[in-house]
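# Geometric and topological summary
The primary structure of each chain is shown beneath.
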Amino acid sequence: MTNKRILITGAAGFLGSHLCDRFIKEGYDVIGMDNLITGDIKNIEHLFKYKEFEFVEHDVSKFIHVQGELDYILNFASPASPIDYLKIPIQTLKVGSLGTHNCLGLAKEKKARILVASTSEVYGDPTVHPQNEEYWGNVNPVGPRGVYDEAKRFQEAITMAYHTYHKVETRIVRIFNTYGPRMRLNDGRVLPAFIGQALRGEDLTVFGDGSQTRSFCYVDDLIEGIYRLLMSDYASPVNIGNPDEITIKQFGEEIIKLTGTKQKMVYKDLPTDDPKQRQPDITLARKLLGWEPKVNRAEGLKITYDYFKSLSPEELTKTAHRFA
Ligand code: UDP
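Residues numbered from 1 in each chain as written. Predicted model: local features only at pLDDT ≥ 70, side-chain atom pairs only at ≥ 80, totals over all residues. Heavy atoms only, no water.

## Section: the packing of aromatic side chains
For the record, the criterion: Pairing of aromatic side chains requires ring centres within 6.5 Å, counting the rings of Phe and Tyr and the six-membered ring of Trp. Pairs whose planes differ by under 30 degrees are stacked, by over 60 edge-to-face, and all others tilted. Put simply, DSSP marks the helices as runs of H or I at least four residues long and the strands as runs of E at least two long, and each gets a number from the N terminus on. Buried residues are those whose accessible area, probed at 1.4 Å on protein chains only, stays under 20% of the maximum for their type, while exposed residues exceed 50% and partly exposed ones sit between those limits.
Applying the stated criterion across every chain, the model contains 12 aromatic pairs. Seen in terms of ring centroids, Tyr123 and Phe176 are 6.1 Å apart; in terms of plane orientation they differ by 40°. Their pairing is tilted. On the criterion of sequence distance, the pair formed by Tyr123 in the loop between strand S5 (113–119) and helix H4 (146–166) and Phe176 in the loop between strand S6 (170–175) and strand S7 (178–179) is long-range, its members being 53 residues apart. A single burial state applies to Tyr123 and to Phe176, both of which are buried. With a centroid separation of 4.4 Å and an interplanar angle of 20°, the aromatic rings of Phe216 and Phe251 are classed as stacked.

Here it is as structure tokens:
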């Protein structure tokens, strides 16, 4: 019997690379696709030794050609941190819209099931707390985050349209803040920012007064949730995230304790439209997928800190952003 075949876009990114690992482990033939704008080939280099793994350098905003059959598509190609989509706003809009359209067209052509990576950003700066899938969100379309938030909202709309009108088997995961090994040290996200600063002996930069909240999910838990959703028969959006909510100030304190740094927290301006609170309501995922996170923050942070400690000194000092 031949292996099932899956295309993973954004394969060289943080989540894409962990998904490649998972599907290789499950015995699939995996095609990883990435244009390497924000992804890093280092994240998937260890997979090149498998004959079941193939890498294709391609921008999914342009027509995607894949030879042969496909059973599944995971659409994870997109810049995903505020610093990235502020630097490359047009590409962010294009990959979420045109890129998703191309992936859906490919799914239709190949009769493949497709799962698209949406985000808690579709809820914007939420007025409902915690956020459940029924909530429509509070997004500023013309603010700095609009390019990402609206691209992802369009992505959900076109995915549902392909489901309804073309009968494509679609899945939509709304991903909340996730962390773990292979996050980019210079992607501007709070966890690599804080750990990088601690390792370099710099103060930790808290934006605003640090009272805003986030709920951090360890990457292995997220991947398990995505796997189960892909295998389910549910086409509407599903939140996957860890409901353990914390303020950014408390998070900074945890990083200071974990790393033993002597540095302190310093306060900077809060970026425009930075959501004040965020916590997933995962009632649906629990019921539908029998899924909930298993790794608590203390365990997950320890593994992630060990990963960042293992990076070379030059990687660690490379604070300049690649689009700067
Ligand atoms: N943040 C911070 N210091 C940093 C980077 C981020 O205080 O050096 C804050 C940011 O303003 C936000 C939270 O941490 O309130 C999470 O930011 P991140 O960029 O990781 O994700 P998102 O805002 O998309 O949830």
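## Focus on the environment of Met160
Put simply, the test is: Note on contacts: a residue pair qualifies if any of its non-hydrogen atoms lie within 4.5 Å across the two residues.
The residue Met160 is located in helix H4 in this model. As for Met160 and Pro237, which are separated by 77 residues in sequence, their C-alpha atoms are 9.5 Å apart. Beyond its immediate stretch of four places on either side in the chain, Met160 contacts Ile172, Ala235 and Ser236.

## Quick notes on the site of the ligand
Cut-off, in case you're wondering: In this text, near means that some heavy atom of the residue lies within 4 Å of the molecule or strand in question. Any N or O atom pair separated by 3.5 Å or less is treated as a polar contact, with the protein-specific requirement of one donor-capable and one acceptor-capable atom, and with residues adjacent in sequence counted only for side-chain atom pairs. Accessible surface is estimated by sampling points in the Shrake-Rupley manner with a 1.4 Å probe; for residues, cover comes only from the protein chains shown. Classification convention: Asp, Glu, Lys, Arg as charged; Ala, Val, Leu, Ile, Met, Phe, Trp, Tyr, Cys, Pro as nonpolar; all other residues, Gly among them, as polar.
Surveying the vicinity of the ligand reveals 18 residues, the closest of which are Thr205, Phe207, Arg214, Asp274 and Arg278. At a separation of 2.9 Å, an oxygen atom of the ligand approaches a polar side-chain atom of Asn177. In isolation the ligand has 520 Å² of accessible area, and contact with the protein removes 96% of it. The set of elements that each furnish at least two residues to the shell around the ligand consists of helix H5 (190–200) and strand S8 (204–207). Residues belonging to the shell around the ligand are distributed by class as follows: eight nonpolar, four polar and six charged.

## A few points about H4
Heads up, the condition is: Here, expected helix span is obtained from the residue count minus one, scaled by 1.5 Å.
Compared with the 30 Å implied by 1.5 Å per residue over 21 residues, the 28 Å span of H4 between its first and last C-alpha is a close match. If you check which residues of H4 are buried, you get Gly146, Val147, Tyr148, Asp149, Ala151, Lys152, Gln155, Glu156, Ile158, Thr159 and Tyr162. Buried positions along H4 lie against strand S4 (72–75), helix H2 (82–87), helix H3 (89–110), S5 and S6. In the segment just after H4, Lys167 is the residue with positive phi, at about 60°.

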